[in-house]
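Here are the chains, one letter per residue:
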Amino acid sequence: MTPRLSEATLPLLPDWVRRPGPRPAPRVVHLGLGAFHRAHQAVVFDDLGWGVTGASLRSPAVRDALAPQGCLYSLVAGEEVRVIGAVREVLLDTPGLVARIAAPETRLVTVTVTEKGYLPGSRAVAILAEALARRADGITIIACDNLPRNGAVLREAVLAAAGDDAGWIADHCAFPQTMVDRIVPATEEADVAALAARIGVEDRAMVKTEPFSQWVIEDLFASGERPDFEAAGVQIAAGIAPWEEAKLRLLNGAHSGLAYLGGLAGIDFVHEVIALPGARRFVEALWDEAAATLTPPPGLDLGAYRAALLRRFANPGLKHRTMQIAMDGSQKLPQRLLAPIAARLERGQGIETLALAVAAWLRWQSGRTDAGAAFIVDDPLAGETARRLAGLHDPAAQAEALLGIEAIFPPTLAADPRFREPVVRQLRRLVERGASAVLVA
Ligand code: CS2
């Protein structure tokens, strides 16, 4: 039987696997211990010797995978395998988490709860509101999800939930804005098996990712000790909006477009979609439209950035599922596609390619690929989109029904014929010809 990864089995690993240093004491509490945290922020904390108490908020699965391994796990990035030792414990219960965040040893909180975790009333927001009010001193809470003004949005939600304590939290705690970037596909059984075959040890908490990683944090910290982020390659910047807009509108915008079009065409992985005839042209055209709405951050060469993104998307080793990116589109469309659309319309510019990406999302809501295979639309608004589409067959009627969802489409945008017409036109093309043919054209 293959032994399980743990401190005791570290000596069994081949020499080329990078081992963790001395295990650091927890000083960070992280809410949302998914693969993205383990492949991104936790690696930085591992480099810096800051231990992490992780909270698994949705299910005990991550805890159950990590606990028998002493919370060790492997980061598989390209050819490299590195065992990360920063995570020290996993908590599931709210009182335990509240006490941990309130404890004086805790010097930092980080959060990855996906876009929908920032909606008022989410568990992370409730935990933070309760815990921060109990602290003797202020602390920095770093939101690491792909939404604009992530820190400010989290701050507003926490203050709204904090009642009488809102004033103290507002005065003492900092919620910097961040841009996070690393492609982290969900780990699958086959990945666990492949790694076991390579390193001779089974790791049920491994994460797979690409070599690239970027983290830009707004220079806004509560007083007191903080990690030496720059020493681990994290950028600290005054203004985050240009970073975040470039990343959301180029990387994530193209990702969503490729995921819906590729998914409709029945393609499982991003590297396969980008290899379809016409796919690169689609992405370049989308980027031409989106790039015109950006003020690139100092030092970012958009041409080089775009070329690097194409290479990242084409990475066959990642096996990044279109289904994974297609998830929660209602929470992703506004910042990825609708914001650049609104910016272009304001300047009197056309939006044909961005409209195609939006139309692909509309078509995705029918829950069937072009070949008729049924899939589950995984989205907090899936019930609403299904209700609105019931019995409708004409693309114009379908678009009309879905563009009326105000939680996604601002009413002025939805009513603007310069938006509606290209979206309906593109949806009609998708319905009549299918996504692969539309890409080729
Ligand atoms: C993806 C992102 O799932 C998605 O929606 O677009 O998770 C993407 O891989 C990351 O933002 C890359 O940094």
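Everything discussed here concerns the structure shown above.
These figures come from a predicted structure and were not determined experimentally.

Novice: Quick question: what am I supposed to make of the overall build of the protein here?
Specialist: Broken down by element type, the protein carries 20 helices and 11 strands. Its C-alpha atoms give the protein principal-axis dimensions of roughly 60 × 55 × 45 Å. Looking at the 441 residues of the protein, the share that counts as buried comes to 57%. Only carbon and sulfur atoms are counted for the fraction: they give 54% of the accessible area of the protein, which is about 17,300 Å².

Novice: Help me out: how do you make sense of the site of the ligand in this one?
Specialist: Taken together, Asn146, Asp181, Arg182, Ile183, Lys247, Leu251, Asn252, His255, His320, Ile325, Lys332 and Arg336 are the residues near the ligand. Here Lys247 contributes a side-chain N or O atom positioned 2.6 Å from an oxygen atom of the ligand. Interatomic distance of 3.0 Å between a side-chain N/O atom of Asn252 and an oxygen atom of the ligand. When isolated, the ligand has an accessible area of 340 Å², and the protein chains bury 89% of it. Looking at the shell around the ligand, the elements with two or more residues in it are helix 9 (241-264) and helix 14 (329-346). In terms of residues, the shell around the ligand owes the most to one element, helix 9, which gives four residues.

Novice: Teacher, can you tell me more about the sheet that holds strand 5 (residues 87-91) here?
Specialist: Whenever strands of a sheet pair, they do so through backbone hydrogen bonds, lying parallel or antiparallel. A sheet is described by the order of its strands in space; here five strands give the open sequence 5-2-1-6-7, paired in parallel fashion. Lying at the two open borders of the sheet, with one neighbouring strand each, are strand 5 and strand 7 (140-143). Strand-to-strand twist across the sheet, computed as the mean angle between neighbouring axes with direction ignored, equals 25°. Summarising the sheet, strand 1 (residues 26-31) and strand 2 (residues 51-55) pair through five bridges and their orientation is parallel. Among the inter-strand pairings, Pro26 is bridged to a residue of strand 2, identified as Gly51. Most of the contacts of helix 4 (residues 94-102) go to strand 1, to which it runs at about 135°, and overall it touches strand 1, strand 2, strand 5 and strand 6 (108-111).

Novice: Help me understand the nonpolar core, please; the structure alone is not making it clear to me.
Specialist: It is characteristic of soluble globular proteins that their nonpolar side chains tend to be buried jointly. Residues Phe282, Trp287, Phe313, Ile341, Leu362, Phe409 and Phe419 are the most contacted members of the largest nonpolar core, which totals 74 residues. Here Phe419 is in contact with Leu338, Ile341, Leu345, Ile351, Val358, Leu403, Phe409, Leu413 and Ala414, once residues within four sequence places are set aside. Counting 33 residues, the second-largest nonpolar core is a separate cluster that includes Leu33, Ile84, Val87 and Trp215.

Novice: What am I meant to see in the sheet that holds strand 9 (residues 207-209) here?
Specialist: Spatial ordering of the open sheet is given by 4-3-9, a layout of three strands whose pairing is mixed. Every interior strand has two partners, whereas the edge strands, strand 4 (80-84) and strand 9, have only one. Averaged over all pairs of adjacent strands, the angle between their axes in this sheet comes to 25°, without regard to strand direction. Alignment of strand 3 (residues 73-77) against strand 4, held across five bridges, turns out to be antiparallel. Of the residues in strand 4, the one forming a bridge with Tyr73 is Ile84. Against the sheet, helix 2 (residues 41-48) makes contact with strand 3 and strand 4, and its axis sits at roughly 70° relative to strand 4, the strand it touches most.

Novice: Would you mind showing me how to read helix 17 (residues 395-403) here?
Specialist: Taken residue by residue, helix 17 has Pro395, Gln398, Ala399, Ala401, Leu402 and Leu403 as its buried positions. On its buried side, helix 17 packs onto helix 15 (352-364), helix 16 (382-389), helix 18 (411-415) and helix 19 (417-433).

Novice: Would you mind showing me how to read the packing of aromatic side chains here?
Specialist: Note on aromatic pairs: each is described by the distance of the centres and the angle between the planes. Going through the model one piece at a time under the given rule, you end up with nine aromatic pairs. Within the aromatic cluster, the residues linked to one another by ring pairs are Phe45, Trp215, Phe221 and Phe229. Sitting over the ring of Tyr73, Arg38 keeps its end group 5.9 Å from the ring centre. Against the face of Phe221 rests Arg226, its NZ or CZ located 3.8 Å from the ring centre.

About the cut-offs
- Residues numbered from 1 in each chain as written.
- Predicted model: local features only at pLDDT ≥ 70, side-chain atom pairs only at ≥ 80, totals over all residues.
- Heavy atoms only, no water.
- Helix = DSSP H or I, 4+ residues; strand = E, 2+ residues; numbered from the N terminus.
- Buried < 20%, exposed > 50% of the residue type's maximum accessible area, 1.4 Å probe, protein only.
- Areas by Shrake-Rupley, 256 points an atom, 1.4 Å probe, with all protein chains shown as cover.
- Near = heavy atom within 4 Å.
- Polar contact = N/O pair within 3.5 Å; in protein donor to acceptor, adjacent residues only side chain to side chain.
- Pairing = 2+ DSSP bridges.
- Axes fitted to C-alpha atoms, helices over the stretch in contact; angles between N-to-C directions.
- Contact = heavy atoms within 4.5 Å.
- Core = buried A, V, L, I, M, F, W, Y, C linked by side-chain atoms within 4.5 Å.
- Phe/Tyr/Trp six-rings, centres within 6.5 Å; stacked < 30°, edge-to-face > 60°.
- Lys NZ or Arg CZ within 6 Å of the ring centre and 35° of its normal.

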